[in-house]
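Letter by letter, the chains look like this.
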Amino acid sequence: MSLEIVGVSKTYGNGVKALKNLTLSIGNNMFGLLGPNGAGKSSLMRTIATLQDPDSGSVTLDGIDVVKQKNEVRRILGYLPQEFGVYPRMSALDMLHHLAVLKGITAAGERREMVDALLHQTNLWDAGKKSLSTYSGGMKQRFGIAQALLANPRLIIVDEPTAGLDPAERNRFLNLLASIGRDVTVILSTHIVEDVRELCPRMAIIAAGEVLLEGSPSETLRAL
Ligand code: ADP
Ligand code: ADP
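What counts and how
- Residues numbered from 1 in each chain as written.
- Chains lettered and ligands numbered in written order.
- Predicted model: local features only at pLDDT ≥ 70, side-chain atom pairs only at ≥ 80, totals over all residues.
- Heavy atoms only, no water.
- UniProt positions renumbered as here; feature names shortened; annotations may be inferred.
- Near = heavy atom within 4 Å.
- Areas by Shrake-Rupley, 256 points an atom, 1.4 Å probe, with all protein chains shown as cover.
- Nonpolar A, V, L, I, M, F, W, Y, C, P; charged D, E, K, R; others polar.
- Pairing = 2+ DSSP bridges.
- Helix = DSSP H or I, 4+ residues; strand = E, 2+ residues; numbered from the N terminus.
- Buried < 20%, exposed > 50% of the residue type's maximum accessible area, 1.4 Å probe, protein only.
- Contact = heavy atoms within 4.5 Å.
- Polar contact = N/O pair within 3.5 Å; in protein donor to acceptor, adjacent residues only side chain to side chain.
- Salt bridge = Lys/Arg side-chain N within 4 Å of Asp/Glu carboxyl O.

For the protein, the name recorded in an unreviewed UniProt entry is ABC transporter ATP-binding protein, with Terriglobus aquaticus as its organism. We quote the UniProt Sequence similarities (unreviewed entry) comment for the protein here in full: "Belongs to the ABC transporter superfamily."

S.K.: Help me out: how do you make sense of the site of ligand 2 in this one?
M.R.: Surrounding ligand 2, one finds 13 residues, the nearest of these being Gly 38, Gly 40, Lys 41, Ser 42 and Ser 43. In isolation ligand 2 exposes 560 Å². Once the protein is present, 65% of that is buried. A class-by-class count of the residues in the shell around ligand 2 yields 5 nonpolar, 6 polar and 2 charged.

S.K.: Even after reading the chapter, I still don't get the sheet that holds strand S1 (residues 3-11), so can you show me in this structure?
M.R.: Pairing between the strands of a sheet is mediated by backbone hydrogen bonds and can be parallel or antiparallel. Overall, antiparallel pairing links the 4 strands, which are arranged S2-S1-S4-S5 in an open sheet. The open sheet has two edge strands, strand S2 (17-26) and strand S5 (64-65), and neither has a second partner. Relative to strand S4 (residues 56-61), S1 runs antiparallel, the two sharing 5 bridges. Bridge pairing in S4 links Ile 5 to Val 59.

S.K.: Looking at this structure, I do not really get helix H1 (residues 41-48). What am I missing?
M.R.: Helical geometry: 3.6 residues make up each α-helical turn, so side chains three or four residues apart lie on a common side. By the criterion of burial, H1 is predominantly enclosed, with 7 of the 8 residues buried. Among all positions in H1, only Lys 41, Ser 42, Ser 43, Leu 44, Met 45, Thr 47 and Ile 48 are buried. In the segment just after H1, Thr 50 is the residue with positive phi, at about 70°.

S.K.: What's the story with the environment of Met 30 in this structure? I'm lost.
M.R.: Residue placement: Met 30 occurs in strand S3 (residues 30-34). Once the C-alpha coordinates of Met 30 and Ala 168 are considered, the two residues, 138 residues apart in sequence, prove to be 21 Å apart. Residues contacting Met 30, with those up to four places away along its chain left out, are Leu 177, Ala 178, Val 186, Leu 188, Leu 199, Cys 200, Pro 201 and Arg 202.

S.K.: How should I be thinking about the site of ligand 1 in this particular structure?
M.R.: Surveying the vicinity of ligand 1 reveals the residues Lys 10, Tyr 12, Gly 13 and Asn 14. A distance of 2.7 Å separates an oxygen atom of ligand 1 from a polar backbone atom of Gly 13. Class assignment for the residues of the shell around ligand 1 results in 1 nonpolar, 2 polar and 1 charged.

S.K.: Honestly, the pattern of salt bridges in this entry has me stumped. Any pointers?
M.R.: Note that side chains of opposite charge can pair when their charged atoms are close. Here the structure, examined in full by the defined rule, presents 8 salt bridges. Of the charged contacts, one joins Asp 65 and Lys 68 as a salt bridge, the two residues approaching to 3.7 Å between their closest N and O atoms. Note that Glu 169 and Arg 172 form a salt bridge whose closest N and O atoms lie 3.9 Å from each other. Of the two residues, Glu 169 and Arg 172 both sit in helix H6 (residues 167-180), 3 residues apart, roughly one turn of that helix. The exposure class assigned to Glu 169 is buried, which follows from its relative accessible area of 12%. If you follow the salt bridges from partner to partner, you end up with Arg 142, Glu 169 and Arg 172 in one network.

Spelled out as structure tokens, the structure:
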């Protein structure tokens, strides 16, 4: 997987310049995007996820243009926004089965195998039949990962996933990211230094819409 962000700028209707000629290359493995609130992380994540067009510049995922080829990009990308909604009355099990059907996996046996594996992988097997409204913040985040993995994406973007999680849930979630990061590229957007220090071989620091530093956490964080 190769994500190329070249000279991306975005100014909102209220005049806020959220992204300023930002250039960044992201390869395989887990990539940390660290920056304070208001740095432009969500703006950049929404741009990569095809939810918001930049004013200028380009973003390509394995050569596929996120502005011009939105549907193609959506097929190979999983996105967990900062606050994502779940259908509260459904269980994780039912929801994943529905999504798998929508994805065209109609053979019941194949679907069950896939959904069961995802529930185990995300540590939700025991709670799989409970309604999503009863889930804790950490469980919802892990369910979001299960949902994203169902599409077999090349890239998963998670935006501030550990905000509001207690330390045990945070560890559990970060461990899950680390395990899926071996197979799928993960971009972890966060304002928490420890999240990237522990998990990401490569990272960038972003502030006021610009990349300040880029490299391994040991190089990058030493300079702070
Ligand atoms: P655009 O110029 O991209 O259309 P707008 O300023 O019109 O952007 O806002 C688009 C949406 O984003 C609106 O629903 C608005 O409520 C919301 N919004 C506005 N300001 C902010 C902000 N500072 N942070 C997050 N969302 C915002
Ligand atoms: P971060 O995710 O790093 O907190 P954001 O991308 O959410 O940063 O925000 C970058 C800047 O753009 C902030 O000043 C924010 O208030 C502003 N902003 C974000 N979304 C919108 C929007 N839809 N409309 C207007 N301003 C926005």
